[in-house]
Amino acid sequence: MRSVVDPEPGDGRLLIDVSACGVCRTDLQIMSGDLEMRRSPVVLGHQVVGRVSGTGERVGLAWLAGACGHCTYCLSGRENLCELAEFTGWTVDGGYAERVVARSDFVYPLPDVLSDVEAAPLLCAGIIGYRSLRISGIGPGQVLGLFGFGSSAHLAIQVARHWGCQVAVFARSAAERELGLQLGAVWAGGYDDQPPVPLDAAVTFAPVGSVVVSALAATAPGGTVAINAIHLDRMPEFSYDLLWRERSLRSVANFTRQDAREFLELAAAIPIRAETTVFSLDDAPEALAQLEAGAICGSAVLDVAGG
Ligand SMILES: [Zn+2]
Ligand SMILES: [Zn+2]
């Protein structure tokens, strides 16, 4: 663990004592350079649960660390697209630490029913999964495909089941397919297997362009494939027949504070339960290595206060 000076909260900023921080695939992509380095060195971690220094209030801090508040995107409810947006654990220091500073208008109260460790994965995997479901346009009773079944998908399926959707899970490993079935999927198979019925909509979570094409091939006319990935290896060429008949392909970029508030409320009502593998803060490199190796089923979380 690297020692850094305690961050100083300034105007409109809070000092937060971190108790737990989720580990996300994006952290690996920042480390590997797949995402352009925006601050160096940077403290990773954007699914932070902690207590405000001084008041003890429990709050969550997520990927969106700030937005300008006056551009056309910010003024039209699309702060996720703000050109001046700041991101926790990428452009500003994040929560793989004992303390973090956050803008007071970019933290969220957390539902009491969730422990610190349970709440952490909701703050990126959960919120972005929820936005992806909304962008896919999936409706009650419809058939949804989830491609890739890691941290985000295993939370999104709980929302989709709550909405009365039938869910088909497409995943690489037998363990992920098994978790999908345990969480109520009607079917589970590999990326290129055909589901029993065509999908009304799909969300892809794997950072692999060929999986997007597989999702399009399994989706019925008029359906949307939402790509929940900040980085894809490459987008392969594919036949226009896969898009023809009003299928849509949409990327999902970040999220808004409104998404976060809606999702956290829904998560408490359902209630959503994350499958977690817990590491100490010192073992963050091990957590990242296991995530990269595909050895984590569900979500990896650093228990900072306990570790
Ligand atoms: Zn803006
Ligand atoms: Zn993330």
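Our subject is the structure listed above.
Residues numbered from 1 in each chain as written. Chains lettered and ligands numbered in written order. Predicted model: local features only at pLDDT ≥ 70, side-chain atom pairs only at ≥ 80, totals over all residues. Heavy atoms only, no water.

Novice: Sorry if this is basic, but what is going on with helix H4 (residues 125-136) here?
Specialist: Residue pairs three or four apart in sequence face the same way in an α-helix, which turns once every 3.6 residues. If you check H4, its first and last C-alpha atoms are 16 Å apart, about what 12 residues at 1.5 Å a residue would give, namely 16 Å. The buried count for H4 comes to 11 of 12 residues, which makes it a mostly enclosed element. Within H4, the full set of buried residues consists of Ala 125, Gly 126, Ile 127, Ile 128, Gly 129, Tyr 130, Arg 131, Ser 132, Leu 133, Ile 135 and Ser 136. Elements in contact with the buried residues of H4: strand E8 (143-147), helix H5 (151-162), strand E11 (199-204), strand E12 (219-227), strand E13 (248-251) and helix H8 (257-269). Phi turns positive one or two residues past the end of H4, at Gly 137, with a value near 75°. (Helix = DSSP H or I, 4+ residues; strand = E, 2+ residues; numbered from the N terminus. Expected span 1.5 Å × (residues − 1). Buried < 20%, exposed > 50% of the residue type's maximum accessible area, 1.4 Å probe, protein only. Contact = heavy atoms within 4.5 Å.)

Novice: Even after reading the chapter, I still don't get the packing of aromatic side chains, so can you show me in this structure?
Specialist: We describe a pair of aromatic rings using the distance from one ring centre to the other and the angle between the two ring planes. As enumerated under the stated definition, the model contains 8 aromatic pairs in all. An angle of 40° between the planes, with centres 5.8 Å apart, marks the rings of Tyr 130 and Phe 263 as tilted. With Tyr 130 in helix H4 and Phe 263 in helix H8, this pair connects stretches of sequence that are 133 residues apart. Assessed through its relative accessible area of 0%, Phe 263 is described here as buried. Measuring from ring centre to ring centre gives 3.9 Å for Phe 147 and Phe 170, while their planes differ by 10°; the resulting arrangement is stacked. Of the two residues, Phe 147 is situated in strand E8 and Phe 170 in strand E9 (residues 166-170); the sequence distance between them amounts to 23 residues. Considered together, Phe 147 and Phe 170 belong to a single accessibility category, that of buried residues. Ring pairing ties together the aromatic residues Trp 63, Phe 87 and Trp 90, which thus form one cluster. (Phe/Tyr/Trp six-rings, centres within 6.5 Å; stacked < 30°, edge-to-face > 60°.)

Novice: I'm lost on the sheet that holds E11 in this one. Help?
Specialist: Strand pairing in a sheet is mediated by backbone hydrogen bonds. Such pairs are either parallel or antiparallel. The parallel open sheet is built from 6 strands, whose spatial order is E10-E9-E8-E11-E12-E13. The open sheet has two edge strands, strand E10 (187-189) and E13, and neither has a second partner. In this sheet, adjacent strand axes meet at a mean angle of 15° when their direction is disregarded. Sheet analysis places E9 next to E10, joined by 3 bridges and oriented parallel. Residue pairing for E10: Val 169 is matched across the bridge by Ala 188. (Pairing = 2+ DSSP bridges. Axes fitted to C-alpha atoms, helices over the stretch in contact; angles between N-to-C directions.)

Novice: Is there a simple way to think about the side chain of Asp 27 in this case?
Specialist: Within the fold, Asp 27 resides in helix H1 (residues 25-32). Within the buried core, Asp 27 has no salt-bridge partner, and the shortest N-O distance to an opposite charge, that of Arg 25, equals 10 Å. The contacts of Asp 27, once residues within four sequence positions are left out, are Gly 22, Leu 44, Gly 45, His 46, Tyr 96 and Leu 288. (Lys, Arg positive; Asp, Glu negative; His and termini not counted. Salt bridge = Lys/Arg side-chain N within 4 Å of Asp/Glu carboxyl O.)

Novice: How do you make sense of the coordination of the zinc ion (ligand 1) when you look at a structure like this?
Specialist: Octahedral six-donor coordination of a metal ideally yields angles of 90 or 180 degrees, compared with 109.5 degrees for tetrahedral four-donor coordination. The zinc ion (ligand 1) binds to the protein through Cys 68 (SG), Cys 71 (SG), Cys 74 (SG) and Cys 82 (SG); the donor distances cover 2.3 to 2.4 Å. Taken together, the 4 donor atoms coordinating the zinc ion (ligand 1) span angles of 106 to 117° at the metal, a pattern that classifies the geometry as tetrahedral. Counting residues between consecutive donors of the zinc ion (ligand 1) along the chain gives the motif C-x2-C-x2-C-x7-C. Of this pair, Cys 71 sits in the loop between strand E4 (64-66) and helix H2 (72-75) while Cys 82 sits in the loop between H2 and strand E5 (86-87); the two residues are 11 residues apart in sequence, bridging distant segments of the chain. Given the relative accessible area of 7%, Cys 82 is considered buried. (Donors = N, O, S within 2.8 Å, 3.2 Å for Na, K, Ca; no water. Tetrahedral: all angles 85-135°; square planar, octahedral: opposite > 155°, others 65-115°.)

Novice: Can you help me understand the coordination of the zinc ion (ligand 2) in this one?
Specialist: Summarising the metal site, the zinc ion (ligand 2) is bound by the protein donors Cys 24 (SG), His 46 (NE2) and Cys 124 (SG), whose distances to it range over 2.0 to 2.2 Å. Donor residues for the zinc ion (ligand 2) sit on one chain with the sequence pattern C-x21-H-x77-C. Here Cys 124 lies in the loop between helix H3 (116-119) and H4 and Cys 24 lies in the loop between strand E1 (13-23) and H1, a separation of 100 residues in the sequence. What makes Cys 24 buried here is its relative accessible area of 12%.

Novice: I keep staring at helix H9 (residues 284-292) and nothing clicks. Help me out?
Specialist: Buried within H9 are the following residues: Ala 284, Ala 287, Leu 288 and Leu 291. Angular distribution of buried residues about the axis of H9 spans 95°; they occupy a single face of the element. Contact partners of the buried residues in H9: E1, H1, strand E14 (276-279) and strand E15 (299-303). Residue Gly 294 follows H9 closely and has a positive phi angle near 75°. (Arc of directions from axis to C-beta.)

Novice: Honestly, the nonpolar core in this entry has me stumped. Any pointers?
Specialist: Considering soluble globular proteins, one finds that nonpolar side chains tend to be buried as a cluster. Formed by 88 residues in total, the largest nonpolar core has its most connected members in Tyr 96, Leu 144, Phe 255, Phe 263 and Leu 302. Filtering out sequence-adjacent residues up to four positions away, Leu 144 remains in contact with Leu 133, Ser 136, Ile 138, Ala 160, Gln 166, Val 167, Ala 168, Leu 199, Ala 201, Ala 202 and Val 203. With 13 residues, the next largest nonpolar core counts Val 143, Ala 168, Trp 187 and Leu 199 among its residues. (Core = buried A, V, L, I, M, F, W, Y, C linked by side-chain atoms within 4.5 Å.)

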